[in-house]
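# Per-entry structural report
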Amino acid sequence: MKLTDFKALTFDCYGTLIDWESGMVEGLKPLTAKVGKSLTRDQILEAHARHESSQQLQTPAKNYRDLLATVYRRLAEEWGVSVDWAECQAYGRSVKDWPAFHDSAGALQYLKKHYKLVILSNVDNESFAASNARLQVAFDAVYTAEDIGSYKPSTRNFDYMVDKLGSLGIAKHEILHTAESMFHDHGPANRHGLTSCWIYRRFDQEGFGATMNPGEMPKYDFRFNSMADLAKAHQEALRG
């Protein structure tokens, strides 16, 4: 199996292309500054992952920016802090400020020359539009949780993606699902029989950060620590 065997790269966005963990920690500062105890970065991210995953299960049709506002309130309650709804909503709108990883735009621009590029993301369309501007590439298709009415790792999201890509003439075996999250992406990719590529952004950190522990680790077919490494490997595969 080679990187050149595929027609489409389907991407998780947040955690893979956009540095959502840094964006979350920054966006939560108005809240964490009020907490009466010191919280580590991973404690903040892991608490966020718990509440986000729970809320996505309970309200799968809620827009991500609105869901994040609820997560903010749940975190405030857990940490014993009083917040008003306007503050919660401000956090929900902070996705537009989350930075791209430094290598994402350049790698995507290179890969665009060789693949169809597709987004499958747990986000709303308005929030993704701001992130898309940071990524500086025109994706060939964008499938969001808002479009589908559910959040990954729901099977519905992957069914939707595979079906829509089929209408574009791309078969399942021609898709390489490219993502950081074992919980949101590689687990369901395994269940759907999709080939997957792990962009292991947290390779130098312990734990799973802003994603839930997947339990038994899913398998993956390729692994790189950055998008730049993926682009470099593709160049080498072409030469090979």
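Data block above holds the structure.
Only a predicted model underlies this, so the values are computations on that prediction, with no experimental measurement involved.

Overall, parallel pairing links the 6 strands, which are arranged 3-2-1-4-5-6 in an open sheet. What marks the edges here is a single partner per strand, and that holds for strand 3 (141–144) and strand 6 (222–224). Averaged over all adjacent pairs, the angle separating strand axes in this sheet is 20 degrees, with direction ignored.

Turning next to empty space enclosed by the protein. In total, this model carries 1 cavity of 30 Å³ or more according to the counting rule given. The computed volume of the largest cavity comes to approximately 110 Å³. Contributing to the lining of the largest cavity are 13 residues, with Asp12, Tyr14, Trp20, Asn122 and His184 lying nearest its centre. Residue assignment for the lining of the largest cavity shows that the elements contributing at least two residues are helix 3 (41–58) and helix 10 (182–191). Among the residues forming the lining of the largest cavity, the class breakdown is 3 nonpolar, 6 polar and 4 charged.

With 5 of 6 residues buried, strand 2 (residues 116–121) is to be regarded as a mostly interior element. Where strand 1 (residues 8–11) meets strand 2, 4 bridges bridge the pair, whose relative direction is parallel. The residue bridging Thr10 from the neighbouring strand is Val118, located in strand 2. Inspection of the sheet shows strand 2 paired to strand 3 by 4 bridges, in the parallel sense. If you follow Val118 over to strand 3, its bridge partner there is Ala141. Each parallel crossover has a hand, and the one from strand 2 via helix 7 (residues 125–135) to strand 3 is right-handed.

Turning next to the nonpolar core. Phe11, Tyr64, Trp98 and Phe139 are the most contacted members of the largest nonpolar core, which totals 56 residues. Counting residues per element, this core draws most heavily on helix 4 (residues 64–78), at 8 residues. Formed by 14 residues, the second largest nonpolar core is a distinct cluster that contains Ala8, Leu120, Phe158 and Val162.

This part takes up the pairing of strand 5 (residues 195–199). Most of strand 5 is tucked away: 5 of the 5 residues are buried. Burial along strand 5 is two-sided: the residues Thr195, Cys197 and Ile199 and Ser196 and Trp198 are all buried. Where strand 4 (residues 175–179) meets strand 5, 4 bridges bridge the pair, whose relative direction is parallel. Its bridge partner lying in strand 5, His177 is registered against Ser196. With respect to chirality, the unit in which strand 4 leads through helix 10 into the neighbouring parallel strand 5 is right-handed. In terms of strand pairing, strand 5 meets strand 6 through 3 bridges, oriented parallel. The partner of Cys197 across the bridge, within strand 6, is Phe222.

So, about the packing of helix 1 (residues 20–27) against helix 3. Their axes nearest at 10 Å, the elements helix 1 and helix 3 cross at an angle of 95 degrees. Considering the angle they form, helix 1 stands roughly perpendicular to helix 3. Between helix 1, through Trp20, Glu21, Ser22, Met24 and Val25, and helix 3, the contact on the second element is made entirely by Arg41, Leu45, His48 and Glu52. Counted by class, the contact of helix 1 with helix 3 contains 4 nonpolar, 2 polar and 3 charged residues.

Time to look at the side chain of His184. Tracing the backbone through its elements, the reader meets His184 in helix 10. With a relative accessible area of 6%, His184 lands in the buried category. In this structure, His184 is in contact with Trp20, Glu52, Gln56, Asn122, Lys152, Pro153, Phe158 and Thr211, ignoring residues within four places of it in sequence.

Rules used throughout
- Residues numbered from 1 in each chain as written.
- Predicted model: local features only at pLDDT ≥ 70, side-chain atom pairs only at ≥ 80, totals over all residues.
- Heavy atoms only, no water.
- Pairing = 2+ DSSP bridges.
- Helix = DSSP H or I, 4+ residues; strand = E, 2+ residues; numbered from the N terminus.
- Axes fitted to C-alpha atoms, helices over the stretch in contact; angles between N-to-C directions.
- 1 Å grid on protein atoms, 1.4 Å probe; cavity = no way out; pocket = protein on both sides within 12 Å on 5 of 7 lines; lining within 4 Å.
- Points joined across faces, edges and corners; volume = space filled by probe spheres on them.
- Nonpolar A, V, L, I, M, F, W, Y, C, P; charged D, E, K, R; others polar.
- Buried < 20%, exposed > 50% of the residue type's maximum accessible area, 1.4 Å probe, protein only.
- Right-handed = clockwise from strand over helix to strand, strands pointing away.
- Core = buried A, V, L, I, M, F, W, Y, C linked by side-chain atoms within 4.5 Å.
- Parallel < 35°, antiparallel > 145°, perpendicular 65-115°, else oblique.
- Contact = heavy atoms within 4.5 Å.

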